[in-house]
2 protein chains.
Amino acid sequence: MEKINIGILGYGVVGTGVAKLLKEKKQLLEHRVGAQLNLKTIADIDTTTDRGINLGSTNLISDGNLIIEDPDIHIIVETIGGQTIAREFILKALEHKKHVVTANKALLAGHGNLLMKTAKENQVDLAFEASCGGCMPIIKSLRESLVANNITSMSAILNGTCNYILTRISNDGSSFEAALKDAQDLGYAEAEPSLDIDGHDTAHKLAILNALAHGMEINLKDIHVEGIRNIRPEDIQFAKEFGYTIKLLAIGKIHDNHVEARVHPTMIPDSNPLSNVNSSMNAIVIEADATGQTMLYGHGAGMMPTASAVLSDIADIARNIISGGNTRVPILGYLEDHIQHIPILNMAQLNTRYYLRFEAQDHPGVLSRISGVLGENNISIESVHQKGRNANGKVPIMMITHLANEASVQNALKQISTTQSVIGSPVIIRIEETP
Amino acid sequence: MEKINIGILGYGVVGTGVAKLLKEKKQLLEHRVGAQLNLKTIADIDTTTDRGINLGSTNLISDGNLIIEDPDIHIIVETIGGQTIAREFILKALEHKKHVVTANKALLAGHGNLLMKTAKENQVDLAFEASCGGCMPIIKSLRESLVANNITSMSAILNGTCNYILTRISNDGSSFEAALKDAQDLGYAEAEPSLDIDGHDTAHKLAILNALAHGMEINLKDIHVEGIRNIRPEDIQFAKEFGYTIKLLAIGKIHDNHVEARVHPTMIPDSNPLSNVNSSMNAIVIEADATGQTMLYGHGAGMMPTASAVLSDIADIARNIISGGNTRVPILGYLEDHIQHIPILNMAQLNTRYYLRFEAQDHPGVLSRISGVLGENNISIESVHQKGRNANGKVPIMMITHLANEASVQNALKQISTTQSVIGSPVIIRIEETP
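Residues numbered from 1 in each chain as written. Chains lettered and ligands numbered in written order. Predicted model: local features only at pLDDT ≥ 70, side-chain atom pairs only at ≥ 80, totals over all residues. Heavy atoms only, no water.

1. A few points about the pattern of salt bridges
Note the cut-off: Any Lys or Arg side-chain nitrogen located within 4 Å of an Asp or Glu carboxyl oxygen qualifies as a salt bridge. Numbering of helices and strands runs from the N terminus, with a helix taken as a DSSP run of H or I at least four residues long and a strand as a DSSP run of E at least two residues long. In this scheme, a residue with accessible area under 20% of its type's maximum is buried, one over 50% is exposed, and one in between is partly exposed, where area comes from a 1.4 Å probe on protein chains only.
In the structure shown here, the tally under the stated rule is 62 salt bridges over all chains. Of the charged contacts, one joins K92 of chain B and E69 of chain B as a salt bridge, the two residues approaching to 2.9 Å between their closest N and O atoms. A residue pair is termed long-range when its members are at least 10 positions apart, and K92 of chain B in helix α4 (residues 85–95) and E69 of chain B in the loop between α3 (64–68) and β4 (73–78) qualify at 23 residues. Exposure remark for E69 of chain B: the relative accessible area of 42% places this residue in the partly exposed category. Across the salt bridge formed by R430 of chain B and E226 of chain B, the nearest N and O atoms sit 2.8 Å from each other. On the criterion of sequence distance, the pair formed by R430 of chain B in strand β17 (residues 422–431) and E226 of chain B in the loop between β8 (224–225) and α11 (233–241) is long-range, its members being 204 residues apart. The class of R430 of chain B is buried, set by a relative accessible area of 0%. A cluster of three or more residues bridged by salt bridges with shared partners is formed by K140, R143, E144, D316 and R328 of chain A together with K140, R143, E144, D316 and R328 of chain B.

See below:
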C-alpha cells in the first residue's frame, strides 16, 4: 500500500484535531483511501505542551521550513492561522510542489488569488474545505455536486459566535453584552471578538464562496459588512411578533452583470429554513437553476468538525496521488482561464425592504418629522410601531418599509439623525423575504 | 480540449433532464470540467415523441445495445428504471468497460452487489448520486466528505410523496386517501402508489446509504419496512399536542456488531431538524463522531434536481478520465476487500418508545383489559389519552409507552386484537427522541 507523508504546520486546536484523526482513524482511512496517510512531522513554536496525542513515530519540531523542504512530504496542512507567517509558509510550500490544505479563511479572502495562481503554476492542489462552514461540505458541493448549475443565490449563517449570541438574545432576552460574555465564557467567542461580531469572519467566507459559486476572483474589499453589536432584544422581539427571526447572514446573489455580496443582520421569515438554525450551528441555503433550493447544516467550527473537513481534503488529494490525477478539479471549480471579473454591486444601488429603529425623546411631532424625511426620500412605510417609554424615558419607534433604495435610506437616516428629538444612530436591519 | 462521449439509455423524465443539461450547459460544463461532454446517442423505444430538446448532432435510436457496443462512448447513463432490462444493459455496459451512471435505486438495492462486483472486475466507475435524495449530495458526502468519520446514525426523509401526504394531513386535517389523491393530481404520486407509500422506495435508499455509511454489503431484505397507509389526522393531531411531528423515516444506526435499519412512520420532537422538512422536500441528518450532527436538505425527486445529480457523477467520471485516474474512489467509499458483512438487527430485538392507537367500542373495562395485557408483557405506559366517541360511535384510545421491546409490543397487540371490544388492528408509531 502506497504511503503518503503529511506535515502539519501549527499544532494548535485544529492542528491537534487533524493529528488526532490521522492517528486514531489510521486504519479506517487506509480502508477508505487505499493509501497509508502517514503523519510524518508537525511543526510548532511550542514543542513541549502535551496535546494528548500519542505521536508515535511522528516528529514534533519547531521549524516549519524543515517540513516544507522535506522531499518525502507530499501534503502540507497549514493550521497556523493569520496572514503573515501562514502566507509565507503556504507560498513556499506550493513553490516546493507540495499540495496544501488550509482552513485559513482570512488568508484566502485576503490573498487567495495569489495563492491559487502559485498552486496552478506549480501544478499542485490547494484545498480549503474547512475554511467555510466547518464540516459542512460547502466547497465540495459548489465545485463538484452543483457542476451543471448556475447558482442564483446563496444565503448563509457562517459564524457560530454571532448565531449563538443572537439565539441567546432571542431565547431569554439577554442584552448583546451579556450574551457575548456568555459566548466568551463558553469558548464560542474570542477575548477580542471583533473579527466575529463585526461580521468580518463571515465576509471572508462569503468572498471565498462567491468565487466558487460564480467562477469569479476572490474579492473581499467590495463586500458590504455590518456586525451585530447594535441588535437589541426589542428588535428580535419585534421581529418575532411579525413572524421573523434576525440572523447575521452572508448574502450572495448573481445578477446579469454583477454580484450582490453583503453581510449584515437580516430579518428573515420563519418559513426560511435558516430561521431554525440556532445556537452555534451554521447553515447555507443555495438556490440554483437545476436543483432549486438546497441546504447544508452543521457545526461551523470546533476542533473535530474542522479537522473532519481538513481530512476530507487530505483524502481527496491522496486519492488523486494514487490514481495519478494531480489537480483533478480546478481550485475554484472553474478552469483558471474562465475565472471572470464580476463586479460586486455598489451597496448604494441595493433595493430591499428595511426594518428601522429610532430612539426618540417623547416630544410631539417626532414621528411626523421622521416619516416626513422618509417620504421626501421616496421611502414608503409599510408599518409603524411605537412602544411605550423605556426605563430611561426614551421611546423606541420601529418601522418597516416597502421596497426602498439603500442610498435613499442612508440619506434619510442621516437627516433624521440630526433631528433634535432623535437620539443616537438609527438601527437598520434589512429584510429578505426569499428563499 | 478532450471530448468525452456520453450515451443515455432511456429518454423519459430523467433522461430528458440529463439531455437538457448536457445541451444547455455545454459551455458551463466545459469551463468547469475541462472537457467537452458530448451527448452522442440516446436510446429509447419511443424515438418519435418530442421532448422539447434540440438534439443537434445527437442520435436518437431505439436499440440500446448500439450505445453499449459503440467503442467511442465512454460514459453510459441508465435512466430506464426497473430491474429487468436496466439490469441487463448495465451489466453489459460494465462488461464493455463503460463507466455507468444510474439513478435506479430499486436496481441498486436489489442487485447492487453484483453490479459493483462487475464494475470492479472491469475497472470502471459505477456512480449513483441521483439514486438517494435527488440533488442532495448524500453519496458524495458519505464517500468523500465524511471519510475520517465513523457514522453512528442516519435518519432521513427520502420519499417526497410520503412527506407531501403527511404534510397535507398535518396542515389541513385531510384524510390519507384525500391527501394521496391530491399528490396523484399534482404528479407527486404514481397511479400505483404502493412503492412510495408502503415505504419500499425509502427502504431501497436506506439499503444503499447503509452500505456507504458503514462499508457493508447492500442488504435490502433485512430492512424492516412499514408505510403510512394507517396514519390518520388524529395521530398527527395527538403528536402535535405533545410537540411531535410524524414523518416516514429511514433510520440507520450502527451498534457494536450490528446495524439497526428500519423504515416506518416515526414520531419525532419539534427540536429534530427533520420536523421542519415539509411538502415534497427530502433531508438527511447524519451523526458522525468527528462532525457531530450535520443535515442535507433539498428536492429528492423531479426532472432537473435528479438530472443535476446525474451530471455531478458524469463530471466526476470525466474529471477522472482526463486526469488519468479511473475508479479513483471505491464504489462504496471503502476498498472492496474491506466491505464487511454487518448483520441487521432483528426487529424483534428493538427497544424504543411507542405510540399506540386502539379503536374500541365504548364498553366498560376496555381500557383495563388493554392496559392489563400491556402490563403482562412488561410494557409500561407513560400516558393514556381517551377521546370522545367518533361519529361512528367508536372510541379512539392513544397511549405512549416507556422504553419497550418490539417483540413484547407485537405480542401484546396480538392479544389485544382478539379482545372483543377492540376493533381492527391497533396502530403503532415508533418514537425517536434523538437527534
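Now that the structure has been shown, the text picks up again.
2. Thoughts on the relation of the copies chain A and chain B
Relating one copy of the chain to the other takes a rotation about an axis and a shift parallel to that axis. Stated precisely, the cut-off is as follows: Here the copies are superposed with least squares, the fitted atoms being C-alpha atoms of residues at a pLDDT of at least 70 in both. Any two residues whose heavy atoms approach within 4.5 Å are treated as being in contact.
Aligned on chain B, chain A shows an RMSD of 0.0 Å; the corresponding rotation is 180° and the shift along the axis is 0.0 Å. Both copies are brought into coincidence by an operation consistent with a two-fold rotation axis. A share of 98% of the interface residues of chain A reappears at the interface of chain B, consistent with the copies meeting face to face through the same patch.

3. Notes on the sheet that holds strand β5 (residues 99–102) of chain A
All names here are of chain A. Our working rule: What makes two strands pair is DSSP finding at least two bridges between them. Working convention: axes come from line fits to C-alpha atoms, limited for helices to the stretch in contact. Angles between N-to-C directions cover 0 to 180 degrees.
An order of β3-β2-β1-β4-β5-β6 is seen for the six strands of this open sheet, with the pairing classed as parallel. Each end of this open sheet is capped by a strand with a single partner; those strands are β3 (59–61) and β6 (126–127). For strand β2 (residues 36–43) and β3, the ladder comprises three bridges, and the chain directions are parallel. Paired with A43 across the two strands is I61, which belongs to β3. Contacts between helix α12 (residues 303–323) and the sheet are confined to β1 (3–9), β2, β4 (73–78), β5 and β6, with β4 contributing the most and set at about 160° to the helix.

4. A closer look at the pairing of strand β15 (residues 394–401) of chain B
All names here are of chain B. Within β15, seven of the eight residues are buried, leaving the element largely enclosed by the surrounding structure. By the bridge criterion, five bridges tie strand β14 (residues 381–386) to β15 in an arrangement that is antiparallel. When the bridges of β15 are listed, I381 appears paired with T401.

5. A word on the packing of helix α1 (residues 13–24) of chain A against α12 of chain A
All names here are of chain A. Put simply, the rule is: The cut-offs work like this: below 35 degrees is roughly parallel, past 145 is roughly antiparallel, 65 to 115 is roughly perpendicular, and the gaps in between are oblique. Here is the rule for handedness: rotate from the far helix to the near one, and if that takes an anticlockwise turn smaller than a right angle the crossing is left-handed, while a clockwise turn gives right-handed. The nonpolar class holds Ala, Val, Leu, Ile, Met, Phe, Trp, Tyr, Cys and Pro. Asp, Glu, Lys and Arg form the charged class, and all remaining residues, Gly among them, are polar.
For the pair α1 and α12, interaxial distance at closest approach is 8 Å and the crossing angle is 60°. The angle between α1 and α12 places the two elements in the oblique class. Judged by the sense of rotation from one axis to the other, the crossing of α1 with α12 is right-handed. In this structure, α1 uses V13, V14, T16, G17, V18, K20, L21 and L22 to contact α12, whose residues at the interface are M303, M304, T306, A307, S308, V310, L311 and I314. For the contact of α1 with α12, a count of residues per class yields eleven nonpolar, four polar and one charged.

6. Regarding the interface of chain A and chain B
One frequently used descriptor of interface size is the decrease in accessible area upon assembly of the parts. This is how the line gets drawn: A simple way to read buried area is as the amount of 1.4 Å-probe accessible surface that goes missing from two parts once joined, with both sides added.
On the chain B side, the residues contacting the 58 residues of chain A number 57 residues. At the boundary of chain A with chain B, total buried surface from both sides reaches about 4700 Å², with 54% on carbon and sulfur atoms. Summed over the three residues of chain A that lose the most area to chain B, namely R32, V147 and R328 of chain A, the buried surface amounts to 17% of that side. For the pair chain A and chain B, the number of links is six salt bridges. Among the salt bridges present, the one from R328 of chain A reaches D316 of chain B, with a minimum N-O distance of 3.4 Å.

7. Overview of the domain arrangement of chain A
Residue and element names in this part refer to chain A. Selection criterion: Where each domain starts and ends comes from a domain assignment, either automatic or drawn from a database. Here a polar contact is taken to be a pair of N or O atoms separated by no more than 3.5 Å, where protein atoms must pair a possible hydrogen donor with a possible acceptor and residues adjacent in sequence count only if both atoms sit in side chains.
For chain A, the assigned domains are domain 1 (3–135 + 303–338), domain 2 (138–298) and domain 3 (347–431). Centre-to-centre separation of domain 1 and domain 2, based on C-alpha positions: 27 Å. Between domain 1 and domain 2, the contact holds 20 residues from the first and 22 residues from the second. When residues of domain 1 are sorted by the area they lose upon contact with domain 2, A109, C132 and L332 head the list and together hold 28% of the total. Our count for the domain 1 to domain 2 interface comes out at one salt bridge. In this structure, the salt-bridge partner of K140 is D316, at a minimum N-O distance of 2.7 Å. Connecting domain 1 to domain 2 are seven residue pairs in polar contact (both at pLDDT 80 or more). The dominant element in the side of domain 1 that touches domain 2, judged by the number of residues it contributes, is helix α5 (residues 105–121), at seven residues.

8. Overview of the packing of aromatic side chains
Where we set the bar: Aromatic contacts are taken between Phe, Tyr and Trp rings whose centres are within 6.5 Å, Trp giving its six-membered ring; a plane angle under 30 degrees counts as stacked, one over 60 as edge-to-face, and the others as tilted.
Under the definition given, this model contains six aromatic pairs over all chains. With 5.0 Å between their ring centres and 65° between their planes, Y164 of chain B and Y188 of chain B make a pair best called edge-to-face. Here Y188 of chain B lies in the loop between α8 (176–185) and α9 (194–197) and Y164 of chain B lies in helix α7 (residues 160–172), a separation of 24 residues in the sequence. Three or more aromatic residues link up through ring pairs in this structure, and these residues are F238, F242 and Y355 of chain A.

9. What to know about α1 of chain A
All names here are of chain A. Our working rule: By this rule, a helix spans an expected 1.5 Å times one less than how many residues it contains.
Under the 1.5 Å per step criterion, the end-to-end length of α1 is 16 Å for twelve residues, consistent within 8% with the ideal 16 Å. Among the residues of α1, G15, T16, G17, V18, A19, L21 and L22 are the ones counted as buried. Contacts from the buried residues of α1 go to β1, α2 (26–33), β2 and α12.

10. Regarding the pairing of strand β12 (residues 292–299) of chain B
All names here are of chain B. For β12, a buried count of six out of eight residues is recorded, marking the element as mostly surrounded by other parts of the structure. Where strand β11 (residues 281–288) meets β12, eight bridges bridge the pair, whose relative direction is antiparallel. Within β12, the residue paired with A288 across the bridge is G292. Taken together, β11 and the strand that follows it, β12, pair antiparallel across an intervening segment of three residues.

11. Points about the packing of α7 of chain B against α8 of chain B
All names here are of chain B. At a minimum axis distance of 9 Å, the contact between α7 and α8 shows a crossing angle of 130°. On the basis of the axis angle, α7 is oblique to α8. Crossing of α7 over α8 shows right-handed handedness. Side by side, α7 and α8 meet where Y164, I165, R168 and I169 of the first sit next to F176, A179, L180, D182 and A183 of the second. Its residues assigned to classes, the contact of α7 with α8 comprises seven nonpolar, no polar and two charged.

12. Re the sheet that holds strand β1 (residues 3–9) of chain B
Residue and element names in this part refer to chain B. Spatial strand order, β3-β2-β1-β4-β5-β6: six strands in an open sheet with parallel pairing. Strands with a single pairing partner mark the edges of an open sheet, and in this sheet they are β3 (59–61) and β6 (126–127). As paired elements, β4 and strand β5 (residues 99–102) share four bridges and run parallel to each other. The residue bridging E78 from the neighbouring strand is T102, located in β5.

13. Here's the deal with helix α4 (residues 85–95) of chain A
Every buried residue of α4 of chain A is listed here: A86, F89, I90, L91, A93 and L94 of chain A. Structurally, α4 of chain A contributes buried residues whose contacts are with β1, α3 (64–68), β4, β5, α5 and β6 of chain A.

14. Topic: the state of the cysteines
Residues and elements named next belong to chain B. Just so we agree on the cut-off: Cysteine sulfur atoms that come within 2.5 Å of each other are treated as a disulfide pair.
Scanning the model with the defined rule gives zero disulfides over all chains in all. As a non-bridged cysteine, C132 has C135 as the owner of its nearest cysteine sulfur, 13 Å distant. Residue C132 is classed as buried on the basis of its relative accessible area of 0%. Its sulfur unpaired, C162 is 15 Å from the next cysteine sulfur, which belongs to C132. Residue class for C162 comes out buried when judged on its relative accessible area of 1%.

15. Regarding the side chain of T79 of chain A
Residues and elements named next belong to chain A. Tracing the sequence through the fold places T79 in the loop between β4 and α4. Judged by relative accessible area, T79 falls into the buried class, the value being 14%. For T79, the side chain forms a polar contact with the main-chain oxygen of G10, separated by 2.6 Å. Discounting residues that sit within four places of it in the chain, T79 has contacts with I8, L9, G10, V14 and G15.

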